[in-house]
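# Remarks on the overall topology
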Amino acid sequence: MNTLLSILAVFLLANLLVALLRVARGPTPADRLLAALLFGTTGVAILLLLAFATASAALLDAALVFALLAGVSGAAFAQRAWREEEGTHDDD
Amino acid sequence: MTTIEIASVILLLTGAAFFFAGTVGLLRFPDVYTRLHALAKADNLGLGFIMLGLLLQAPGPATVLKLVLIWLLALAASATVGFLIARRARQNGIVPWQSGDRE
Amino acid sequence: MKPSVPAVRAALWRSALLAVLWWALTDGRADSWGVGSVSILAAAILSLRLLPPVSTYISRVGLLRFLIFFFYHSLRGGIQVAWFALRPRLSLRPAIHEIPLRLPEGIGRVLLANTLSLLPGTLSVELNGRRLCMHVLDAAAPTEVEVRRAEVRVAHMLGLELEET
């Protein structure tokens with residue numbers, strides 16, 4: 001079972017890597033923001049699988065923090081960072 | 001293998017399949033809006049199945065609750081961030097791809 | 001000032017929920033409750049400060065029906081988008097649809113907009129007062145029917161009246 005969990009974790013890691021390469025290429029800043037979503041789902045799934053594969057409960061907490069941060073950082077990036085990049089400094 | 005282990009394996013493999021579909025969608029879909037569809041739906045479902053598969057192997061009720069909590073947080077994060085990205089993209093004038101356009 | 005009945009009730013409910021959360025986070029370890037009880041108390045007070053008790057009504061039957069609806073349709077949504085991604089010919093016909101919501105202003109609309117992003121074929125793009133702007137994967141799909149169905153579920157769960165548009 002642990003072998004299967006590790007294999008799945010590696011498979012998801014490969015997925016994440018390919019997706020990140022695609023996302024980094026853009027072409028728009030919005031495409032790059034998709035990386036925040038990727039870590040919130042694929043990243044969390046990898047951590048969960050590894051937590052069970054290695055029986056280390058600490059990784060579950062890491063996954064929890066990832067899920068929390070994915071929401072907060074994603075929202076912050078979408079609301080703020082991109083605006084700076086576009087060079088429009090209107091405050092609303 | 002017990003029945004529970006078999007069920008767990010099936011759920012985990014289903015989850016991985018949805019993640020794979022999400023990644024393929026990300027690579028093939030033509031614009032940021034359609035890619036958001038792929039990530040928001042397929043990846044969340046993938047995470048849901050992975051979570052269910054692991055639930056069956058959880059050592060205690062506290063771990064079960066923690067897994068469900070993680071999944072709910074991830075769901076909320078995806079829905080909210082997906083919406084914010086789509087809104088921002090539209091405000092910044094990114095025009096949605098139409099079926100007549102070249103990819 | 002004497003605390004009102006709803007305030008006491010909200011404080012008790014939130015403390016209980018936070019205690020369950022603490023229990024899950026610490027894997028039920030008995031030696032953590034010293035720090036835990038202080039944290040729970042502090043979190044409960046902070047939550048009452050940030051979000052004063054409001055009389056939100058949640059129907060239990062409505063919640064259950066919403067959850068069943070949500071799980072079933074998000075499964076459909078995932079399968080549909082996976083099918084779009086994996087089939088050999090890309091056959092997307094995306095469009096932007098605008099639908100006037102019948103839910104009253106407030107949490108209901110936000111919940112609906114977020115829910116729709118996880119349901120088949122729809123992605124919320126803009127929520128402007130009553131108007132919900134959505135990106136759909138298939139322009140010919142009966143989007144409005146799906147939205148209305150989700151809307152009824154949300155309204156039922158939160159005990160909201162649907163308004164005429």
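Small disclaimer: the values here were computed from a predicted structure and weren't measured. Positions within a chain are numbered from 1, following the residues in the order the chain's sequence is written. Here the convention is simple: chains get letters from A, ligands get numbers from 1, in the order in which they are written. At least 70 in pLDDT is required for a residue's local features to be given in this predicted model, at least 80 for side-chain atom pairs to be given and counted, and no such filter applies to totals for whole chains, interfaces and linings, which use all residues. Values reported for side chains reflect all heavy atoms of the structure, with hydrogen atoms and water molecules removed beforehand.

## Side note on the overall build of chain A
Of the regular secondary structure elements, chain A holds three helices and zero strands. For chain A, the N- to C-terminal ordering of α and β elements is α-α-α. Relative to its 92 residues, chain A shows a buried fraction of 47%. Every residue pair with non-hydrogen atoms within 4.5 Å of one another is taken to be in contact. A sequence separation of at least 24 residues applies to 48% of the contacts in chain A between residues at least 6 apart. Note that accessible areas follow from Shrake-Rupley with a 1.4 Å probe, and for residues the cover is restricted to the protein chains shown. Total accessible area on chain A stands at roughly 4,400 Å², and carbon and sulfur atoms take up 70% of it. We count a stretch as a helix when DSSP gives it H or I for four or more residues in a row; a strand needs E for two or more, and each element gets its number in order from the N terminus. Burial classes follow relative accessibility: with a 1.4 Å probe on protein chains only, a residue under 20% of its type's maximum area counts as buried, one over 50% as exposed, and anything between as partly exposed.

## A short note on the overall build of chain C
Scanning chain C from terminus to terminus reveals five helices and three strands. The N-to-C order of helical and strand elements in chain C reads α-α-α-β-α-β-β-α. For 165 residues, the compact-globule estimate of 2.2 N^0.38 gives 15 Å, and chain C exceeds it by more than 25% at 21 Å. Its C-alpha atoms give chain C principal-axis dimensions of about 60 × 40 × 25 Å. The contacts in chain C between residues at least 6 apart in sequence include a share of 69% that link residues at least 24 apart. Atoms counted for the radius of gyration: C-alpha only. Globule rule: 2.2 Å times residue count to the power 0.38.

## Some points on the nonpolar core
Judged by nonpolar contacts, the single largest core of 73 residues is most densely connected at A:Leu48, A:Leu49, B:Leu54 and B:Ile85. No other element matches helix H2 (residues 29-53) of chain A, which puts 15 residues into this core. Here A:Leu49 is in contact with A:Leu5, A:Leu8, A:Ala9, A:Leu12, B:Leu12, B:Ile50 and B:Leu54, once residues within four sequence places are set aside. Counting eleven residues, the second largest nonpolar core, distinct from the first, contains B:Phe29, B:Ala38, B:Trp97 and C:Leu92. What is meant by a nonpolar core is a set of buried Ala, Val, Leu, Ile, Met, Phe, Trp, Tyr and Cys residues, joined one to another through side-chain atoms within 4.5 Å.

## As for the sheet that holds strand S3 (residues 131-136) of chain C
If DSSP finds at least two bridges between two strands, the strands pair. Strand order in the open sheet formed by three strands is S1-S3-S2 (chain C), and the pairing between neighbours is antiparallel. The sheet is open, and its two borders are formed by strand S1 (95-100) and strand S2 (122-128) of chain C, each paired with just one other strand. Recorded for the sheet is a direction-independent mean angle of 25° between the axes of neighbouring strands. Where S2(C) lies against S3(C), six bridges are found, and the strand directions are antiparallel. Note on S3(C): the bridge partner recorded for C:Asn128 is C:Arg131. Those strands touched by helix H2 (residues 32-55) of chain B are S2 and S3 of chain C, and its axis lies near 110° from that of S2(C). Fitting a line to C-alpha atoms yields each axis, with helices limited to the stretch in contact; the angle taken between N-to-C directions then spans 0 to 180 degrees. Against the sheet, helix H4 (residues 107-116) of chain C makes contact with S2 and S3 of chain C, and its axis sits at roughly 150° relative to S2(C), the strand it touches most.

## Focus: unusual backbone geometry
Residue A:Ala55 is not a glycine yet carries a positive backbone phi of 50°. Inspection of the secondary structure assignment puts A:Ala55 in the loop between H2 and helix H3 (57-86).

## So, the pattern of salt bridges
Salt bridge, as used here: a side-chain nitrogen of Lys or Arg that lies within 4 Å of a carboxyl oxygen of Asp or Glu. Under the definition given, this model contains seven salt bridges over all chains. Between A:Asp61 and B:Lys66 there is a salt bridge, with its nearest N and O atoms 2.8 Å apart. One end of the pair, A:Asp61, is in helix H3; the other, B:Lys66, is in helix H3 (residues 61-91), on a second chain. Residue B:Lys66 is classed as buried on the basis of its relative accessible area, which comes to 0%.

## Details of the pairing of S3(C)
Of all six residues making up S3(C), five are buried, and the element is well covered by its neighbours. Counting the residues between successive antiparallel strands, the hairpin from S2(C) to S3(C) contains two residues, one of them, C:Gly129, with a positive phi of roughly 60°.

## With respect to the interface of chain A and chain B
If you look at the interface, chain A gives 43 residues, while chain B gives 41 residues. Across the interface of chain A and chain B, roughly 3,700 Å² is buried in total on both sides, 79% from carbon and sulfur atoms. It is A:Met1, A:Leu37 and A:Phe52 in chain A that bury the most area against chain B; as a group they hold 16% of the surface buried on that side. Between N or O atoms, a polar contact is any pair within 3.5 Å; within protein, one atom must be a potential hydrogen donor and the other a potential acceptor, and residues adjacent in sequence are included only when both atoms are from side chains. One can count five residue pairs in polar contact (both at pLDDT 80 or more) joining chain A with chain B. Looking at the side of chain A that touches chain B, the elements with two or more residues in it are helix H1 (2-24), H2 and H3 of chain A. At 15 residues, the largest contribution of residues to the side of chain A that touches chain B is made by H3(A). Joining two parts hides part of their accessible area as seen by a 1.4 Å probe, and the buried area is that hidden amount summed over both.

## Some points on the domain arrangement of chain C
Start and end points for every domain follow an automatic or database-based domain assignment. Taken domain by domain, chain C consists of domain 1 (5-50) and domain 2 (60-158). Averaged C-alpha coordinates put domain 1 of chain C and domain 2 of chain C at centres separated by 34 Å.

## Observations regarding the packing of H2(B) against H3(B)
Think of two packed helices as two axes; the pair is described by the angle between the axes and how far apart they sit. Residue and element names in this part refer to chain B. H3 packs onto H2 with a crossing angle of 180° between their chain directions and a minimal axis gap of 10 Å. What the angle tells us is that H2 and H3 run roughly antiparallel. Residues Val 32, Tyr 33, Leu 36, Asn 44, Leu 47, Gly 48, Met 51, Leu 54 and Leu 55 of H2 form the contact with H3, whose own contacting residues are Val 64, Leu 67, Val 68, Trp 71, Ala 74, Leu 75, Ser 78, Gly 82, Ile 85, Ala 86, Ala 89 and Arg 90. Here the residues of the contact of H2 with H3 sort into 16 nonpolar, four polar and one charged. Every angle not falling under 35 degrees, over 145, or within 65 to 115 is termed oblique; those three ranges are roughly parallel, roughly antiparallel and roughly perpendicular. Note on residue classes: Ala, Val, Leu, Ile, Met, Phe, Trp, Tyr, Cys and Pro are nonpolar, Asp, Glu, Lys and Arg are charged, and everything else, Gly too, is polar.

## So, the confidence of the model for chain A
Detailed reading of predicted coordinates is not advised where the pLDDT is low. What pLDDT conveys is the predictor's confidence in a given residue, as a value from 0 to 100. Per-residue pLDDT for chain A has a mean of 81; in total, 87% of the residues score no lower than 70. Least confident of the elements in chain A is H3(A), whose mean pLDDT is 79; most confident is H1(A), at 88.

## Comments concerning the environment of C:Arg14
All names here are of chain C. Among the secondary structure elements, Arg 14 is positioned in helix H1 (residues 5-25). Given the relative accessible area of 17%, Arg 14 is considered buried. Here the alpha-carbon distance between Arg 14 and Ala 44, two residues 30 residues apart in the chain, equals 6.1 Å. Not counting residues up to four positions away in its chain, the partners in contact with Arg 14 are Ser 47, Leu 48, Leu 51, Pro 52 and Pro 53.

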